[in-house]
Number of protein chains: 2
Amino acid sequence: MTNEELLTLATFQSWKQVISRFDKGLAARSDEQLQMQVAPARNRLYYLLGHLTAVHDRMFTLLGIGERLHPELDEPFITNPDRAGSDPVPPSDLRKAWAEVNDKLTALFENFTTADWLHKHSAVSDEEFASDPTRNRLSVVINRTNHVSFHSGQAVLAK
Amino acid sequence: MTNEELLTLATFQSWKQVISRFDKGLAARSDEQLQMQVAPARNRLYYLLGHLTAVHDRMFTLLGIGERLHPELDEPFITNPDRAGSDPVPPSDLRKAWAEVNDKLTALFENFTTADWLHKHSAVSDEEFASDPTRNRLSVVINRTNHVSFHSGQAVLAK
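All of the points below concern the structure found in this document. (Residues numbered from 1 in each chain as written. Chains lettered and ligands numbered in written order. Predicted model: local features only at pLDDT ≥ 70, side-chain atom pairs only at ≥ 80, totals over all residues. Heavy atoms only, no water.)

**Some remarks on the packing of aromatic side chains**
As a reminder, the rule being used: Planes of paired rings set the category: under 30 degrees apart is stacked, over 60 is edge-to-face and the rest tilted, where pairs are Phe, Tyr or Trp rings (Trp by its six-membered ring) whose centres lie within 6.5 Å. Strands are runs of DSSP state E lasting at least two residues, helices are runs of H or I lasting at least four, and both sets are numbered from the N terminus onward. For each residue, the accessible area found with a 1.4 Å probe, counting protein chains only, is set against the maximum for its type, and the residue is called buried under 20%, exposed over 50%, and partly exposed in between. The rule is short: NZ of Lys or CZ of Arg within 6 Å of the ring centre and within 35 degrees of the ring normal puts a charge over the ring.
According to the stated counting rule, one finds 14 aromatic pairs over all chains in the structure shown. Ring centres 5.3 Å apart and planes at 70° place the aromatic pair Trp15 of chain B and Phe109 of chain B in the edge-to-face group. Taken together, the positions of Trp15 of chain B in helix H1 (residues 3-27) and Phe109 of chain B in helix H5 (residues 91-110) put the pair 94 residues apart, joining distant regions of the chain. Using a relative accessible area of 0% as the deciding quantity, one classes Trp15 of chain B as buried. The class for Phe109 of chain B is buried, based on a relative accessible area of 2%. Taken together, Trp15, Phe109, Phe112 and Trp117 of chain A form an aromatic cluster joined through their ring pairs. Over the aromatic face of Phe60 of chain A sits the side chain of Lys104 of chain A, whose NZ or CZ is 5.5 Å from the ring centroid.

Below, the structure written as structure tokens:
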């Protein structure tokens, strides 16, 4: 393996590991348990699952690697806070969407070359990217992996 | 910047960003507020701070980059759960230790070459490393960055 391959592999492995840990916690909760809050008056597990799914779904366009699968999740799970309206999606559909989005992203990352990882993300202009080449896809994936970790730390508290 | 430099820089920037966000939250809490729990019957902020400091302090030996600064934090903050005994360190000393450990680690990472990042960590044997070169320092730092994110997600819940 080349140095470049080893360096990108570290991020890719971390992405898979963090999602797999969240998945384990998710599998251990029934649909009814997804209604639990992580702490009093805080987000429900249901909302965290929808939020993470929506944020990951946005990565297709942010990374310029395909069409989004579930744009309908933005409004209830990113624009609005938990319990702003009635639940828009049954928990089972949300579980399915979460798995679907991650599986597709992971399959794409699996085949990324170093050049793919270092490609600019779509929220940065060519000019900005020329002066700051760290605004690349790799940084986005690292950031999103930390984002899953952040909410995983909350999800384990629900009881 | 070379590809290798860009690839390692992404992890290094993420490490700094995640710690800096935790630091902001920490600066916003008084020593008295560090006694708050992240959720009922869960860890206090004081314990999380000690735990993260101890885990980061162990990176000096785990990465083979120097002597630990605060081995005395292992017992109260890694071996034992929160409130197992009386608080061993005043909050102000814990804040100082946290900053000291991270500043020193960050200064070392700043000067890491690609070879330094891809060097094996000390918990893996030469033989194991030969068959799995992903068990390197970069992976440890990515893992620890996710660990800070995990507990940061909890720390923001304390009120």
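**Some details on the interface of chain B and chain A**
What counts, and what does not: Any two residues whose heavy atoms approach within 4.5 Å at even a single point are treated as in contact. Buried area is understood as the total, over both parts, of accessible area removed when two parts are fitted together, assessed with a 1.4 Å probe. By definition here, a salt bridge exists when the distance from a side-chain nitrogen of Lys or Arg to a carboxyl oxygen of Asp or Glu is within 4 Å. Here a polar contact is taken to be a pair of N or O atoms separated by no more than 3.5 Å, where protein atoms must pair a possible hydrogen donor with a possible acceptor and residues adjacent in sequence count only if both atoms sit in side chains. Charged residues are taken to be Asp, Glu, Lys and Arg, nonpolar residues to be Ala, Val, Leu, Ile, Met, Phe, Trp, Tyr, Cys and Pro, and polar residues to be all remaining types, Gly included.
Listed by partner, the interface residues are 35 residues for chain B and 35 residues for chain A. Summed over both partners, the interface of chain B with chain A comes to about 3,000 Å²; 64% of that surface belongs to carbon and sulfur atoms. The interface formed by chain B and chain A holds zero salt bridges in total. Seen at the junction of chain B and chain A, the total is ten residue pairs in polar contact (both at pLDDT 80 or more). Breaking the side of chain B that touches chain A down by element, the ones donating at least two residues are H1 and helix H8 (137-155) of chain B. A total of twelve residues in the side of chain B that touches chain A trace back to one element, the largest contributor, which is H1 of chain B. Tallied by class, residues from the side of chain B that touches chain A come to 16 nonpolar, 16 polar and three charged.

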